[in-house]
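This is what each chain is made of:
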Amino acid sequence: MREFFREIVHALEAGGPVELVSVVSSEGSTPRGAGAMMAVFPGGAITGTIGGGNVEFECQQLAAQLLEQQADALRQFRFVLGDAASLGMVCGGGLTVQLQYLPAGDAHAIAVLRDLMEADGGSRDTWLLRRIDGERVTAMGLADRTGCRHLDAPPEDLDRLLGNDTVFADGWLAIPAVKAGRTYLFGGGHVSQALVPVLSSVGFRPVVYDDRPEFADPALFPRAERTLCGDFTRLAEQVTVTPEDYVVVMTRGHQADYEVLTQVLRSGAKYLGCIGSKRKLALCQERLLENGFTEAEYSRLHAPIGLAIGAQTPEEIAVSVAAEMIAVRAGLDPRR
């Protein structure tokens, strides 16, 4: 999301207006759910997406009109043949979309979005809040669990708005724009090199750790947030894994995998995955149980890692691992 908001800020600072398009709510089968966003610029250029297809096309056309009118709008779209508001699609669902006009050089919008970009590099969940009166956005700011920023009058029931999903209630739209937590990849080999750009492109924040300088080289991982070089037996010197974090273990050998797992199994990380054959993982499990870990603790580990899609190459394995992590982030258990 950081790049999305950066493009908006650059456009505003360069002297152009922006129409920010947000999915407020969705029902049934829709291209994208609530919280999806896109920005439309003068001339028709866009960044982000609300799902493509007819609804995105219609919103682009409407946004172009609203840019000329310097106006906001709130619109409903139906994907049911024969419905009066239908777009001729047969998905069977519907979307409510809010379009917000941001004037060129809007100092308040720029401050909010720059703050949001900074939050994207931090360790707190952050929500983009907007108050919608009728069709107009009358206030915009940010919130985290400590309170609100950039708002003169915060929502009365802030806790109700700060959920895992987008909430539109009592005239307030709250979009969870920043998810706290990093993804620690222990091992910088071929699979990690393929996995980092995939994870970065879908909103994870990869940090690569290896005990070999040549495999902790930032040049190998231009999409990683950081690269770290250190001993696999002393992770705490550079890394603190929290319950908001994701952990991917794919070192060069069984012993290093074991050393890492002894330090992260009890971290409470949101996701724990370890690459390897069933035999290697069985031996690792046996050693962990012999050394005081429980079956319940080991059962949190996704091993073998990734969805079972027959992946063979590093690039295919990267897709399977990223897909499993996306499922976990969405609150699903892909092992069921």
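Residues numbered from 1 in each chain as written. Predicted model: local features only at pLDDT ≥ 70, side-chain atom pairs only at ≥ 80, totals over all residues. Heavy atoms only, no water.

- As recorded by an unreviewed UniProt entry, the protein carries the name XdhC family protein and is attributed to Candidatus Oscillibacter excrementigallinarum.

### Let's talk about the sheet that holds strand β14 (residues 246-249)
At step 1: Ordered in space as β13-β12-β11-β14-β15-β16, the 6 strands form an open sheet in which the pairing is parallel. Each edge of the open sheet is held by one strand with a lone partner, namely β13 (226-229) and β16 (301-302).
At step 2: Strand direction decides the pairing type here: β14 and strand β15 (residues 271-274), joined by 4 bridges, are parallel. Along β15, the bridge assignment pairs V248 with G273.
At step 3: The strands touched by helix α9 (residues 314-329) are β11 (183-186), β14, β15 and β16; relative to β15, the strand with the most contacts, the crossing angle is about 160°. (Pairing = 2+ DSSP bridges. Helix = DSSP H or I, 4+ residues; strand = E, 2+ residues; numbered from the N terminus. Contact = heavy atoms within 4.5 Å. Axes fitted to C-alpha atoms, helices over the stretch in contact; angles between N-to-C directions.)

### Observations regarding the sheet that holds strand β6 (residues 126-133)
At step 1: Ordered in space as β8-β7-β6-β10-β9, the 5 strands form an open sheet in which the pairing is antiparallel. Two strands lie at the open edges of the sheet, namely β8 (147-149) and β9 (167-169), each paired on one side alone. Taking the axes of each pair of neighbouring strands and ignoring which way they run, one obtains an average angle of 30° across the sheet.
At step 2: Where strand β7 (residues 136-144) and β8 come together, 3 bridges link them in antiparallel fashion. Among the inter-strand pairings, L142 is bridged to a residue of β8, identified as R149.
At step 3: Contacts between helix α3 (residues 107-119) and the sheet are confined to β6, β7, β8 and β10 (172-178), with β7 contributing the most and set at about 30° to the helix.

### Describing the side chain of T126
At step 1: Within the fold, T126 resides in strand β6.
At step 2: Residues in contact with T126, not counting those within four places in the same chain, are L116, A119, L142, A143, R149, I175, P176, A177 and V178.

### Overview of helix α1 (residues 2-13)
At step 1: If you check α1, its first and last C-alpha atoms are 16 Å apart, about what 12 residues at 1.5 Å a residue would give, namely 16 Å.
At step 2: The complete set of buried residues in α1 reads F4, F5, I8, V9, A11 and L12. Mapping the buried residues of α1 onto a view down its axis gives an arc of 160°, with all of them on the same face.
At step 3: Looking at the packing, one finds that the buried side of α1 touches β1 (18-27), β2 (37-40), β3 (46-48), β5 (94-102), α3 and β10.
At step 4: Among the residues trailing α1, G15 stands out with phi positive, at a value near 100°. (Expected span 1.5 Å × (residues − 1). Buried < 20%, exposed > 50% of the residue type's maximum accessible area, 1.4 Å probe, protein only. Arc of directions from axis to C-beta.)

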